[in-house]
Amino acid sequence: MALSICGSVREVPLEELHLLPEPEPMGPRHHPLPHSEMLHLTRLGLNANGMDMDNVVPRLTEDNKKMLCTFDIVCKDTGRFLYSNDVMKMIGALGSFQNQSARQTLAIGQNVFACANETLNAEFVIKHRSTKNLRHNMRNMIYDAVPEFDAVFERMTGRQEFLNSVNVTREVASHHIIEAGKRGVINWREIPHVVKYWEEPEHDAFKPRNYWSLYNAFSGFFQDKNPFDVADRSMRLDSQFDDIAQDIQETEADINSWFDTHQTEAEIENDRDVMGY
């Protein structure tokens, strides 16, 4: 899980949100809601699907007009984490902004970027302007979107499990690191640093020489980078490894198709043993 918070914000207790004055409209079509109500609408949308929020951390700008609030997604009845396994966890971030041009934003995912400049990014995002329908629509949008959380998490875990199952040689790893430079995931000067994370993993879980460890060599290097850059780089990295997974699966499908077309089952097994598939 990667959470990046940027901008000048301070953590505040939940109770402080209820003490803030009602936001004032900035025009006839501007209908801002208090931060506390935006948080309540988000909770209602989740509750309607058997979910709840835990570890809720609101953050306010100095003028109190912008809120970045992060939270864990848990089961409403048991309090257990949802969308979580041994290596990844999806979290939520709510952006409540009271200026006229901003959109209220809910971001859900493993890699969440939230900034006081009103930018929120993650694997799944919902946005709505501060119109008179905000109160009704935001809650319903969250309720309708929850089934899609399952698809997002299944896609993330499916990619992780697949990448964890395919070994990588040193030569192939070098090729993908160079390809990352071409794609703008890293710049050329950063290649030696990613190589170091690959050759000297920070955690035992990333010592196996597979694609999941290679992926985490990049994400480990990103830890201390500018959050603005990390949000874009992470999306480029995910795109690259999605392409890698697709290429591997297509190659395996082609090999299986060739075997099925040209050989008997006994011959297939013998050739698989010889070729190492």
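Residues numbered from 1 in each chain as written. Predicted model: local features only at pLDDT ≥ 70, side-chain atom pairs only at ≥ 80, totals over all residues. Heavy atoms only, no water.

K.L.:
Could you clarify how one ought to interpret the layout of surface pockets in this entry?
P.N.:
To find leftover empty space, one rolls a probe the size of a water molecule over the atoms. Quantified by volume, the second largest pocket comes out at close to 200 Å³. Every residue along the wall of the second largest pocket is listed here: Leu20, Pro21, Glu22, Pro23, Glu24, Met26, His35, Asp63, Asn64, Lys65 and Gln98. (1 Å grid on protein atoms, 1.4 Å probe; cavity = no way out; pocket = protein on both sides within 12 Å on 5 of 7 lines; lining within 4 Å. Points joined across faces, edges and corners; volume = space filled by probe spheres on them.)

K.L.:
What exactly am I supposed to notice about the side chain of Glu190 here?
P.N.:
Inspection of the secondary structure puts Glu190 in the loop between helix H4 (170-183) and helix H5 (191-199). Those residues in contact with Glu190 that sit more than four places away from it in its chain are Phe221, Lys225 and Arg233. (Helix = DSSP H or I, 4+ residues; strand = E, 2+ residues; numbered from the N terminus. Contact = heavy atoms within 4.5 Å.)

K.L.:
Quick question: what am I supposed to make of the packing of H5 against helix H6 (residues 211-221) here?
P.N.:
Between two packed helices, what matters for the description is the angle formed by their axes and the separation of those axes. Their axes nearest at 8 Å, the elements H5 and H6 cross at an angle of 125°. In terms of orientation, H5 and H6 fall into the oblique class. Like other packed secondary-structure pairs, H5 and H6 cross with a definite hand, here right-handed. Here His193, Val194, Tyr197 and Trp198 of H5 come into contact with H6, specifically with Ser213, Leu214, Ala217, Phe218, Gly220 and Phe221. (Axes fitted to C-alpha atoms, helices over the stretch in contact; angles between N-to-C directions. Parallel < 35°, antiparallel > 145°, perpendicular 65-115°, else oblique. Left-handed = near helix turned anticlockwise from the far one by under 90°.)

K.L.:
I would appreciate a short explanation of the confidence of the model for the chain in the present structure.
P.N.:
When pLDDT drops low, the exact placement of atoms in the prediction is not to be read closely. On average, residues of the chain score 86 in pLDDT, and 89% of them are at 70 or above. The element-level mean pLDDT for the chain is lowest in helix H8 (residues 265-275), coming to 58, with H5 highest at 95. (pLDDT = per-residue confidence, 0-100.)

K.L.:
What is the right way to look at the packing of helix H3 (residues 134-165) against H6 in this model?
P.N.:
The interhelical angle for the contact between H3 and H6, taken along N-to-C directions, is 115°, at an axis separation of 5 Å. Considered as vectors, H3 and H6 are oriented roughly perpendicular to each other. For the pair formed by H3 and H6, the contact residues are Arg159, Gln160, Leu163 and Asn164 on the first element and Tyr211, Trp212 and Tyr215 on the second. Classifying every residue of the contact of H3 with H6 gives 4 nonpolar, 2 polar and 1 charged. (Nonpolar A, V, L, I, M, F, W, Y, C, P; charged D, E, K, R; others polar.)

K.L.:
Help me out: how do you make sense of the pattern of salt bridges in this one?
P.N.:
Two side chains that carry opposite charge are able to pair once their charged atoms sit near each other. Tallied over the full model, the rule gives 15 salt bridges. The partner of Glu11 in a salt bridge is Arg59, with the nearest N and O atoms 3.9 Å apart. Linking Glu11 in strand S2 (residues 10-11) with Arg59 in strand S3 (residues 51-60), this pair joins segments that are 48 residues apart in sequence. Of the residues examined, Arg59 reaches a relative accessible area of 10% and is grouped as buried. The shortest N-O distance in the salt bridge between Glu118 and Lys66 comes to 3.3 Å. Taken as a pair, Glu118 in the loop between strand S7 (111-115) and strand S8 (119-121) and Lys66 in strand S4 (residues 66-75) lie far apart in primary sequence, 52 residues in all. Here Lys66 falls in the partly exposed class, since its relative accessible area comes to 23%. (Salt bridge = Lys/Arg side-chain N within 4 Å of Asp/Glu carboxyl O. Buried < 20%, exposed > 50% of the residue type's maximum accessible area, 1.4 Å probe, protein only.)

K.L.:
Is there a simple way to think about the sheet that holds S2 in this case?
P.N.:
The strands making up a sheet associate through hydrogen bonds between their backbones, and the pairing can be parallel or antiparallel. A sheet is described by the order of its strands in space; here 6 strands give the open sequence S2-S3-S4-S5-S6-S9, paired in antiparallel fashion. Edge positions in the sheet fall to S2 and strand S9 (124-129), since each has one partner strand and no second. As paired strands, S2 and S3 are joined by 2 bridges and run antiparallel to one another. Residue pairing for S3: Arg10 is matched across the bridge by Leu60. (Pairing = 2+ DSSP bridges.)

K.L.:
For this particular structure, what's the right way to read the environment of Gln110?
P.N.:
Checked against the element boundaries, Gln110 lands in the loop between strand S6 (103-109) and S7. Residue classification places Gln110 among the buried residues on the basis of a relative accessible area of 7%.

K.L.:
Would you explain H4 in this entry?
P.N.:
Side chains three or four residues apart in an α-helix point the same way, a direct result of the helix having 3.6 residues per turn. With 14 residues, H4 extends 20 Å from end C-alpha to end C-alpha; this agrees with the ideal 20 Å at 1.5 Å per step. Residues Ala173, His176, Ile177, Ala180 and Gly181 constitute the buried set of H4. With its buried residues spanning 150° around the axis, H4 presents them on a single face. Exposed and oriented more than 90 degrees from the buried face of H4 are Glu171 and Lys182. Where H4 ends, the next residue or the one after it, Gly184, has phi of about 85°, a positive value. (Expected span 1.5 Å × (residues − 1). Arc of directions from axis to C-beta.)

K.L.:
How do you make sense of the pairing of strand S5 (residues 91-97) when you look at a structure like this?
P.N.:
For a regular strand, side chains alternate in direction, first toward one face of the sheet and then toward the other. With 7 of 7 residues buried, S5 lies mostly within the body of the structure. Burial along S5 is two-sided: the residues Ile91, Ala93, Gly95 and Phe97 and Gly92, Leu94 and Ser96 are all buried. Of the strand pairs in this sheet, S4 and S5 are connected by 7 bridges, and their pairing is antiparallel. Each bridged residue has a counterpart across the sheet, and for Asp72 the counterpart in S5 is Ile91.

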